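Each chain, letter by letter, is given below.
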Amino acid sequence: MENKTSSTSITNGFHLVVDAMKLNGLDTIYGVAGIPVTDLTRLAQAEGIRYIGFHHEQSAGNAAAISGYLTQKPGTCLTVSAPGFLNGMVALANSTTNGFPMIQISGSSDRALVDLQQGEYEELDQMNAAKPYAKAAYRVDRVEDISIGLARAIRAAVSGRPGGVYLDFPGDVLAATLDTETAARSLVRVVDAIPRQLPAPESVKRAIEVLAKAERPLIILGKGAAYAQADADIRAFIEKTGIPFQPMSMAKGLLPDDHPQSTAAARSYALAQADVVVLIGARLNWLLGHGKSPQWSPAAQFVQLDIEATEIDSNRAIAAPVVGDIASSVSALLAMLKPGQIRAPSAWLDQLAQHKQRNQERMASRLAANPDPMDFYSALGAINGVLADKPEIYVVNEGANTLDIGRNVIDMRMPRKRLDSGTWGVMGIGMGYAIGAAVVSGKPVVAIEGDSAFGFSGMEIGTICRYHLPIVTVVFNNGGIYRGDDVNHSGGTDPAPTVLMKDACYEKLIEAFGGDGYYAADPQDLAKALTDALASGKPALINCPIDPTAGTESGHISNLNPQSNITEKK
Ligand code: ADP
Ligand code: TPW
Ligand code: MG
């Protein structure tokens, strides 16, 4: 233990980790305690770092990842060796895939024994296991390298395209001692962790020239644009040029969904008809039909703003790449734009307005129907009504129908408030994202969860209650994955593979931990329960029965679902 009075006193690796984190402004750890990091959790808490202890490392990792997305500071997740480490890996990989900065710090077992596979407790070559899933993976083998190791991890997580970084601290390195002077000299503070990356002026000029010729221009805003926190300049560019914009799921709210230039209600028409498309922090991956027909016109030209040079031409040719950080690139576009040089033609805006109106009418009639039991639309409509005058509330959303219809029904009005399954379409982010968002912001969170999706991280309602977080979880209980009415084709009595329990009392789960449970059978009940739960500021769970026949298999991506036609064969 450190003796602060003597200049030649002795300290150790645990203290160095805490000192290095504090020096770099890493003020929160999401983790699960155990050998060899238990004392690290205690010491960190004692020294003023907030420690949030989870039931499962995957949720701790998801909390760290989303806190990184929201703050541009790497979220920190702490795991024990081997199984704990692996439990965190899905979150680390998901964070890399989505471009969220996080660091998974893991303790590990005695390297000499691990490397000779001599049967050590929790034996695993963790650094090499992490490499394929991480943006970078490092192991610290000497106590005096702890701070430089953390510095490398921070820089790797946040610079360029952000991602998940793995940092391995073997138990003997944490316990190793050194004198306090050497320890102090080893501390590294990362300077300018996210350096600006200015686009080349000729790239900006080319982009403006391509755009100036457009008859049907369209801007796609992705979560990279939301992450960049260049909200005012992005808005100025969109409003000055009059170009319509389509937000990707997590970019909803960057400009409010009710902005007149939003094409959200005419998405397929806008994509198919656009002749020049500006991608701002959005990849042409599966979520955008890989930039190809039939979703897009084969003749359309693309301008792409991204920090990752190799993202350009990844799926189709890009006419005008602008490689740089989004804040710098959008500001360079604005600076080079001459007054009136780009103005979206009114014929295009009129066509979009007509399609928007038609689709909005269709949506209004779906929302107005009041079926018993509720369907996804009536339940989501009730939630949307409650959230309408509370734009600061975070919305976490996962499931299949619950996610896909939720994206369309729940309007967002502020940037970075919608957090969902993202690039991987992963289930299990719900409670971790909700906890991360509540911890970094202190603001309320509403997590709208399919009943299957909820199950992946449901135990973390215990964590929500333990830390008194203002999170309201709404479980859309349609009794299954996609639907609750599937049948067992063997004729046996086991439930069908996609069937869960439509009568499960999810609200009782949270009562076990002292939170408030609600049951809401119709939109009025749901609106009231949500209003009351938010007003109380207490952890709450609303169990919300949904018609088991209301959903469609795979939600809105049934085209990706190969089928055996089992029922036809029988
Ligand atoms: P979405 O799923 O919303 O379409 P993606 O995750 O596919 O968004 O794309 C986000 C893109 O944004 C990535 O290609 C990433 O490299 C890029 N990006 C992230 N942060 C920045 C930034 N600060 N500046 C520029 N590009 C960024
Ligand atoms: C880690 C596969 C995609 S969507 C889903 C699963 C299991 C759940 C859909 O049911 P839910 O929603 O949540 O009840 P709803 O409204 O349609 O009934 N494992 C992981 N990720 C994914 N994507 C799956 C499995 C899946
Ligand atoms: Mg379901």
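Residues numbered from 1 in each chain as written. Chains lettered and ligands numbered in written order. Predicted model: local features only at pLDDT ≥ 70, side-chain atom pairs only at ≥ 80, totals over all residues. Heavy atoms only, no water.

Can you walk me through the pattern of salt bridges in this structure?
As a working rule, side chains carrying opposite charge can pair if their charged atoms are close by. Evaluation of the coordinates by the stated rule reveals 22 salt bridges. A salt bridge links Asp 27 to Lys 73; the shortest N-O distance between them is 3.6 Å. With Asp 27 in the loop between helix H1 (13-23) and strand S2 (28-31) and Lys 73 in the loop between helix H3 (57-71) and strand S4 (75-79), this pair connects stretches of sequence that are 46 residues apart. We classify Asp 27 as partly exposed; its relative accessible area is 45%. Judged by relative accessible area, Lys 73 falls into the partly exposed class, the value being 34%. The closest approach of N and O atoms between Glu 209 and Lys 205, which form a salt bridge, is 3.3 Å. One end of the pair is Glu 209 and the other is Lys 205, both in helix H10 (residues 201-212) and four residues apart, which spans about a single turn. Look at Glu 209 and you get partly exposed, because its relative accessible area is 40%. (Salt bridge = Lys/Arg side-chain N within 4 Å of Asp/Glu carboxyl O. Helix = DSSP H or I, 4+ residues; strand = E, 2+ residues; numbered from the N terminus. Buried < 20%, exposed > 50% of the residue type's maximum accessible area, 1.4 Å probe, protein only.)

Is there a simple way to think about the site of ligand 2 in this case?
Of all residues adjacent to ligand 2, which total 17 residues, the nearest are Asn 401, Thr 402, Gly 425, Asp 451 and Asn 478. The contact in question runs from an oxygen atom of ligand 2 to an N or O atom on the backbone of Ala 400, over 3.1 Å. A distance of 2.9 Å is found between an oxygen atom of ligand 2 and a backbone nitrogen or oxygen belonging to Gly 480. Relative to its unbound accessible surface of 590 Å², ligand 2 loses 77% to contact with the protein. The set of elements that each furnish at least two residues to the shell around ligand 2 consists of helix H17 (401-409) and helix H19 (451-457). Ranked by residues supplied to the shell around ligand 2, first place goes to H19 with four residues. Partitioned by chemical class, the residues of the shell around ligand 2 number eight nonpolar, eight polar and one charged. (Near = heavy atom within 4 Å. Polar contact = N/O pair within 3.5 Å; in protein donor to acceptor, adjacent residues only side chain to side chain. Areas by Shrake-Rupley, 256 points an atom, 1.4 Å probe, with all protein chains shown as cover. Nonpolar A, V, L, I, M, F, W, Y, C, P; charged D, E, K, R; others polar.)

Would you explain the site of ligand 1 in this entry?
Around ligand 1 sit 18 residues, and of these Arg 161, Lys 223, Arg 283, Asp 306 and Ile 326 come closest. Arg 161 places a side-chain nitrogen or oxygen 2.7 Å from an oxygen atom of ligand 1. Taking Gly 281, its main chain carries an N or O atom lying 3.3 Å from an oxygen atom of ligand 1. Considered on its own, ligand 1 offers 580 Å² of accessible surface; in the complex 95% of this is hidden by protein.

Whenever I open this one, the domain arrangement of the chain confuses me. Can you help?
Buried accessible area, meaning the area lost when the parts come together, often serves as the stated size of an interface. Split by domain assignment, the chain resolves into domain 1 (10-186), domain 2 (201-346) and domain 3 (369-560). Taking only C-alpha atoms, the centre of domain 1 and the centre of domain 2 are 37 Å apart. Contacts between domain 1 and domain 2 engage 13 residues on the former and 11 residues on the latter. For domain 1, the biggest contributors to the area lost against domain 2 are Tyr 69, Gln 72 and Arg 161; these three give 62% of the whole. Put simply, domain 1 and domain 2 have one salt bridge between them. (Domains from an automatic or database assignment. Contact = heavy atoms within 4.5 Å. Buried area = accessible area lost by both parts, 1.4 Å probe.)

Would you mind showing me how to read the packing of aromatic side chains here?
The relative placement of two aromatic rings is captured by the distance of their centres and the angle of their planes. Overall, the coordinates contain nine aromatic pairs when judged by the stated rule. Relative to Phe 54, the ring of Tyr 30 has its centre 6.2 Å away and its plane inclined at 65°; by these criteria the two rings are edge-to-face. Note that Tyr 30 is positioned in strand S2 and Phe 54 in the loop between strand S3 (50-53) and H3, a separation of 24 residues in sequence. Centroid distance Phe 100 to Tyr 433: 6.5 Å. Interplanar angle 65°. Geometry classified as edge-to-face. Of this pair, Phe 100 sits in the loop between helix H4 (83-98) and strand S5 (102-108) while Tyr 433 sits in helix H18 (residues 430-441), placing them 333 residues apart in sequence. Across the pair, exposure class does not vary: Phe 100 and Tyr 433 are buried alike. Ring pairing ties together the aromatic residues Tyr 69, Phe 100, Tyr 227 and Tyr 433, which thus form one cluster. (Phe/Tyr/Trp six-rings, centres within 6.5 Å; stacked < 30°, edge-to-face > 60°.)

Honestly, the pairing of strand S13 (residues 320-323) in this entry has me stumped. Any pointers?
For a regular strand, side-chain orientation follows a simple rule: the groups alternate between the two sheet faces. Side chains Ala 320 and Val 322 project from S13 onto a buried face, and the interleaved Pro 321 and Val 323 project onto a face without burial. As paired strands, strand S12 (residues 301-306) and S13 are joined by four bridges and run parallel to one another. Note on S13: the bridge partner recorded for Asp 306 is Val 323. (Pairing = 2+ DSSP bridges.)

I would appreciate a short explanation of the environment of Ile 405 in the present structure.
Note that Ile 405 resides in helix H17. Look at Ile 405 and you get buried, because its relative accessible area is 6%. Sequence-wise, Ile 405 and Gly 555 are 150 residues apart; in three dimensions their C-alpha atoms are separated by 8.1 Å. Once you skip the residues sitting within four places of it in the chain, Ile 405 turns out to touch Phe 376, Tyr 377, Leu 380 and His 556.

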